[in-house]
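This is what each chain is made of:
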Amino acid sequence: MSAASCLLSEDQFLCCICLDVFTDPVTTPCGHNFCRNCINEHWNSNVQYLCPMCKKVFYTRPELHVNTFIYEVVSQFRQEAQQEASSSSSEQQAAKPGEVPCDVCTGTKLKALKSCLVCLASYCETHLEPHLTASRLKRHQLMDPVENLEDRMCMKHDKPLKLFCKTDQTCVCVLCSALDHKTHEFVPLKEGYEGKKAELGKTEAEIQQMIQKRRLKIQEIKHSVDLSKEDADREKAEGLQVFTALMKSVDRSLNELIETIEEKQRTTEKQAENFIKELEQEISELNKRSSEVKQLSLSEDHLHLLQNLKAAPPTKDWTEVSLCPPSYWKTVKRAVTQLEETLSKEMKKLLEAELKRIQQYAVDVTLDPDTAYPELVLSDDGKRVNHGDVEKNLPDNPKRFSYCANVLGKQSFLSGRFYFEVQVKGKTEWELGLARESINRKGEITLRPQDGYWTIWLRNGYEYKALAGPSVSLSLKSQPQKVGVFVDYEEGLVSFYDVDAAALIYSFTGCSFTDKLYPYFSPCPNDGGKNSAPLIICPVNQTE
């Protein structure tokens, strides 16, 4: 580098209009230096010929002269800068895909180190130098290199987006804050960034928590699939065992039936054979007698005929004798009856096994006094209810039944399976089942699924019905003393069981549940003491 350039810095040769090193430097009559193009454009856009530095006014356009000294020094600066740029370019890396390239580089684009929000350009190490050394360029706002710097400018006012409008949750420029958003609340971008970053941290924590919950749900679903497969395998094994036993029983019964029929047929054939043999013997004797009679009838010797005429041998009266085919249908009927008994025993085993599995979903149910009809009497532990004939003075809250002797359980269910048992022993009337949360509890109530009730009842001590809308009469082999209620929410199933007999009473299928479900109880009116026995919620697998 020359001695002059060692003593002079590049800052001394910056045009005050473009803030860059002089290009084609010229001097005005007042002694100030500018780029020829910069001063010409300045004067072209102003009415007066004014010096940008000292503000001196020229009444006629001054004649510009080349400043040879500055021209030579600037040329030296540019030559050395190009050499340094060439040297540093070989050391710097070219921008790779995904990296921000320098906007000034020609040819191979080098990797940008910084982006300027004022110039809206990105610079490599070499072209960034003026922003680090020139006093005026030092004021520009630099940041880590980013693409699409135009997106950081206000499209309406062409100003940098420096503020965050908390009201509209958007980035704005200074003019926006004074005009379009003047009544809004603002913070600097940095403060808005920090606030949002804190929110993002919280959001990230919430997202991770949601992810964790979903992973747990996946594990839960997979576990349910495994349990379902185990249940399916067990059911297949038990089903195979039952049906194998049934098929063996059917085969055995069929073989016994065929053997019995064939034995009867053999007996009939033997009897017929004996009859025929006896008849053939009599026919032989009768033929012999006929020959003797014919010979005697030809004789003219009186004594000979009378002496040889014998009494006819006794013969069997075959008039009432007949061969009746055996009655095979009775044999078939008896075999089918025995098969039905076998099937009934196997069905009972299946129902016992089914009830045992269902009892695994037992839940603790207690009565909710806030829903109880005022004439009902509830035990302190919430496990018994009966009709008390006397109406208590209770607050008429929205949950309470006002007309019918009903009460709901405290526990509600919105998914899954659950089961509970109720003792109905000694009662002549009762109602049991499920009710959805949104049921009508005031005035007369119709028990049917359309109105949110899935129930069965007993009337007159022996009339059982499923209130399916229309109701279905139930024919039961025995009167249940304890009723089990099972619900599969997702399957849309409500089933009632005679616990002691391990028999299915009735099932509501294809139900569509959307609300919470509550256990439903009604001990029905006392009926002068005939129906005074309480409904009792029993512990599952235990006897009251």
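The structure this text deals with has already been given above.
The model shown is predicted, which means the values in this text are computed figures rather than measured ones.

Thresholds applied
- Residues numbered from 1 in each chain as written.
- Predicted model: local features only at pLDDT ≥ 70, side-chain atom pairs only at ≥ 80, totals over all residues.
- Heavy atoms only, no water.
- Helix = DSSP H or I, 4+ residues; strand = E, 2+ residues; numbered from the N terminus.
- Rg over C-alpha atoms; globule rule 2.2 N^0.38 Å.
- Contact = heavy atoms within 4.5 Å.
- Areas by Shrake-Rupley, 256 points an atom, 1.4 Å probe, with all protein chains shown as cover.
- Pairing = 2+ DSSP bridges.
- Axes fitted to C-alpha atoms, helices over the stretch in contact; angles between N-to-C directions.
- Phe/Tyr/Trp six-rings, centres within 6.5 Å; stacked < 30°, edge-to-face > 60°.
- Buried < 20%, exposed > 50% of the residue type's maximum accessible area, 1.4 Å probe, protein only.
- Arc of directions from axis to C-beta.
- Expected span 1.5 Å × (residues − 1).
- Core = buried A, V, L, I, M, F, W, Y, C linked by side-chain atoms within 4.5 Å.

A. How the structure looks around the overall build of the protein chain. A count of helical and extended segments in the protein chain gives eight helices and 24 strands. In terms of overall size, the protein chain is more extended than a compact globule, its C-alpha atoms giving a radius of gyration of 55 Å where 544 residues would be expected to give roughly 24 Å. Overall, the protein chain is about 200 × 80 × 40 Å in size when its C-alpha atoms are taken along their principal axes. For the protein chain, the share of sequence-separated contacts (at least 6 apart) that also reach a separation of at least 24 residues comes to 56%. Here the protein chain has roughly 34500 Å² of accessible surface; of this, 53% comes from carbon and sulfur atoms.

B. Spotlight on the sheet that holds strand 13 (residues 384-387). Overall, antiparallel pairing links the seven strands, which are arranged 12-13-24-15-20-21-22 in an open sheet. With partners counted over all chains shown, the strands left at the sheet margins are strand 12 (376-378) and strand 22 (503-508), one partner each. Averaged over all adjacent pairs, the angle separating strand axes in this sheet is 20°, with direction ignored. Alignment of strand 20 (residues 482-488) against strand 21 (residues 493-498), held across six bridges, turns out to be antiparallel. Looking across to strand 21, one finds that Val487 is bridged to Val494. The strands touched by helix 8 (residues 328-358) within the sheet are strand 15 (417-423), strand 20, strand 21 and strand 22, with strand 21 carrying the most contacts at an inclination of about 120°.

C. Representation of the packing of aromatic side chains. Considering all chains together, one arrives at eleven aromatic pairs under this definition. When the centroid spacing of 5.9 Å and the interplanar angle of 55° are considered together, the rings of Phe420 and Phe521 count as tilted. Placement of Phe420 in strand 15 and of Phe521 in strand 23 (residues 517-522) is noted, with a sequence separation of 101 residues between them. Note on accessibility: Phe420 and Phe521 belong to one class, buried.

D. Layout of helix 2 (residues 36-44). Here helix 2 has its buried residues at Cys38, Ile39 and Trp43. For helix 2, the buried positions fall inside an angular range of 125° around the axis, keeping them on one side. The exposed set on the far side of helix 2, more than 90 degrees from its buried face, consists of Glu41 and Asn44. Buried residues along helix 2 sit against strand 1 (25-27), strand 2 (33-35), strand 3 (49-50) and strand 4 (57-58).

E. Here's a closer look at the environment of Val187. Within the secondary structure, Val187 is located in strand 11 (residues 186-188). Residues Val187 and Ile261 lie 74 residues apart in sequence; the distance between their C-alpha atoms is 103 Å. When near neighbours in sequence (up to four residues on either side) are disregarded, Val187 contacts Leu163, Phe164, Lys166 and Gly192.

F. Summary view of the pairing of strand 22. Pairing of strand 21 with strand 22, which is carried by five bridges, proceeds in the antiparallel orientation. Its bridge partner being in strand 22, Phe496 is matched across the sheet by Tyr506. Hairpin connection between strand 21 and strand 22: a loop of four residues separates the two successive antiparallel strands, and Ala502 in this loop has a positive phi of roughly 50°.

G. Structural detail: helix 6 (residues 189-298). Given a rise of 1.5 Å per residue, 110 residues ought to cover 164 Å, and the 155 Å separating the end C-alpha atoms of helix 6 matches this to within 8%. Within helix 6, the full set of buried residues consists of Gly192, Val242, Leu246, Ser249, Ser253, Leu257, Thr268, Ala272, Phe275, Glu282, Arg289 and Leu296. For helix 6, the elements touching its buried residues are strand 9 (163-165), strand 11, helix 7 (302-308) and helix 8.

H. Local environment of unusual backbone geometry. That bond from Gly469 to Pro470 is cis: its omega, 10°, falls within 30 degrees of zero. Inspection of the secondary structure assignment puts Pro470 in the loop between strand 18 (463-466) and strand 19 (472-474). Unlike most non-glycine residues, Ala502 shows phi in positive territory, near 50°. Relative to the helices and strands, Ala502 resides in the loop between strand 21 and strand 22. For Ala502, a relative accessible area of 6% corresponds to the buried category.

I. Local environment of the nonpolar core. With 38 residues, the main nonpolar core has Trp430, Val483, Phe508 and Phe521 as its most contacted residues. Within the second largest apolar cluster, eleven residues are counted, among which are Ala435, Tyr453, Tyr518 and Tyr520.

J. Focus on the sheet that holds strand 7 (residues 121-123). With antiparallel pairing, the three strands of this open sheet are ordered in space as 7-6-8. Looking along the sheet, the strands with just one partner apiece sit at the ends: strand 7 and strand 8 (142-143). In terms of strand pairing, strand 6 (residues 114-116) meets strand 7 through three bridges, oriented antiparallel. Each residue of the ladder has a partner; that of Lys114, found in strand 7, is Tyr123. Its contacts with the sheet place helix 4 (residues 125-133) against strand 6, strand 7 and strand 8, and it is angled at close to 110° to strand 7.

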